[in-house]
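Single-letter residue listing:
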Amino acid sequence: MRTRRLLGMLTPSSNTVLEPTASAMAAGLDEVSVHFGRFRVTEISLGAKGLGQFADGPMLDAAALLADAEVDVICWNGTSSGWLGFGHDRRLCAAIADRTGIAACTSVLAMNEAMRLLGARSFGLVTPYTGDVQARILATYAAEGFACAAERHLDLAHNFSFAEVDEATVAGMVREVAAAGPDVVLVFCTNLRGARLAPALEAETGLPVLDTVATGLWHALGIAGVDPARVRGWGRLFDLAPPPA
């Protein structure tokens, strides 16, 4: 019986935050390693090019390559269902499982489950995205019964540029939305440097701070049979028992 647990992550090609952050989170788990498969994503927009990047074909091809590594789970660690609709991620998980025979999850669906476990009905939203993408995310959450108390965004579309936003800027945005008194703050982009900030900002604001890189790893660990509570120093999220696949 294999004792190691291999976590597969689908990664936007221009993302430079997800891989080092997820690996750092798992670094204290000797039996766990994280493995990444990329497909092309260079801009976040509602235009034909931006939306077309998330067609099933390239994502399933990348998942099939991860399956060659016999990973225990495949996680789409990206936020596209925020503007495409959560049903897109649900269908993608089913398609990955059908194609590879491996259980699948996504960072956004995991974030939503964490919100439910926390009893959160309102949220503050922090992203690097443009105003029209932000509005679409808010509409998607509203349709699921979640209310936005406050939001901040940076009006950026070039995916690589998101990683160039410094932690001080992200922290400032979190503080601004936290001041509106939501139940939880969402740092919604897997190429934004928010995950390391969560513990200090939670202590400062008194609110859970959920980062999408972290939620993807949290759920993937649970599916792979690893207790997320063993991940220490990355915020309250890892004290929650994740849902099954």
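Just above sits the structure.
Residues numbered from 1 in each chain as written. Predicted model: local features only at pLDDT ≥ 70, side-chain atom pairs only at ≥ 80, totals over all residues. Heavy atoms only, no water.

## Topic: the pattern of salt bridges
In this structure the tally under the stated criterion is 10 salt bridges. Salt-bridge contacts for Lys-49 lead to Glu-43; the nearest nitrogen and oxygen are separated by 3.8 Å. Classification of Glu-43 as partly exposed rests on a relative accessible area of 23%. Taken together, the salt bridges that share partners define one network made up of Arg-90, Glu-113, Arg-116 and Glu-144. (Salt bridge = Lys/Arg side-chain N within 4 Å of Asp/Glu carboxyl O. Buried < 20%, exposed > 50% of the residue type's maximum accessible area, 1.4 Å probe, protein only.)

## A short note on the pairing of strand β2 (residues 32-39)
Where strand β1 (residues 5-12) meets β2, eight bridges bridge the pair, whose relative direction is parallel. Bridge pairing in β2 links Leu-7 to Val-34. Read from β1 through helix α1 (residues 18-25) to β2, the crossover connection turns out right-handed. (Pairing = 2+ DSSP bridges. Helix = DSSP H or I, 4+ residues; strand = E, 2+ residues; numbered from the N terminus. Right-handed = clockwise from strand over helix to strand, strands pointing away.)

## Thoughts on the packing of helix α6 (residues 107-117) against helix α11 (residues 212-223)
Running from N to C, α6 and α11 cross one another at 85°; their axes reach a closest spacing of 8 Å. One finds that α6 runs roughly perpendicular with respect to α11. Two secondary-structure elements touch here, α6 through Ser-107, Ala-110, Met-111, Ala-114 and Leu-117 and α11 through Thr-212, Thr-215, Gly-216, Trp-218 and His-219. Residues belonging to the contact of α6 with α11 are distributed by class as follows: five nonpolar, five polar and no charged. (Axes fitted to C-alpha atoms, helices over the stretch in contact; angles between N-to-C directions. Parallel < 35°, antiparallel > 145°, perpendicular 65-115°, else oblique. Contact = heavy atoms within 4.5 Å. Nonpolar A, V, L, I, M, F, W, Y, C, P; charged D, E, K, R; others polar.)

## Things to note about the sheet that holds β1
Read from one edge to the other, the open sheet built from four strands follows the order β2-β1-β3-β4, with strand pairing classed as parallel. Edge positions in the sheet fall to β2 and β4 (104-106), since each of these pairs with one other strand and no more. Pairwise comparison of adjacent strand axes, ignoring direction, gives a mean angle of 25° for this sheet. Contacts between helix α5 (residues 86-100) and the sheet are confined to β1, β3 (73-76) and β4, with β4 contributing the most and set at about 155° to the helix.

## A look at helix α7 (residues 131-143)
Taking 1.5 Å per residue as the helical rise, α7 with its 13 residues ought to reach 18 Å, and the 18 Å between its terminal C-alpha atoms agrees with that figure. Residues of α7 that are buried: Val-133, Gln-134, Ile-137, Thr-140 and Tyr-141. All buried residues of α7 fall inside an arc of 120° around its axis, so they share one side. Here the buried face of α7 lies against α4 (81-84), α5, α6, β5 (122-126), β6 (147-152) and β7 (184-187). The positive-phi residue at the C-terminal boundary of α7 is Gly-145, with phi of around 90°. (Expected span 1.5 Å × (residues − 1). Arc of directions from axis to C-beta.)

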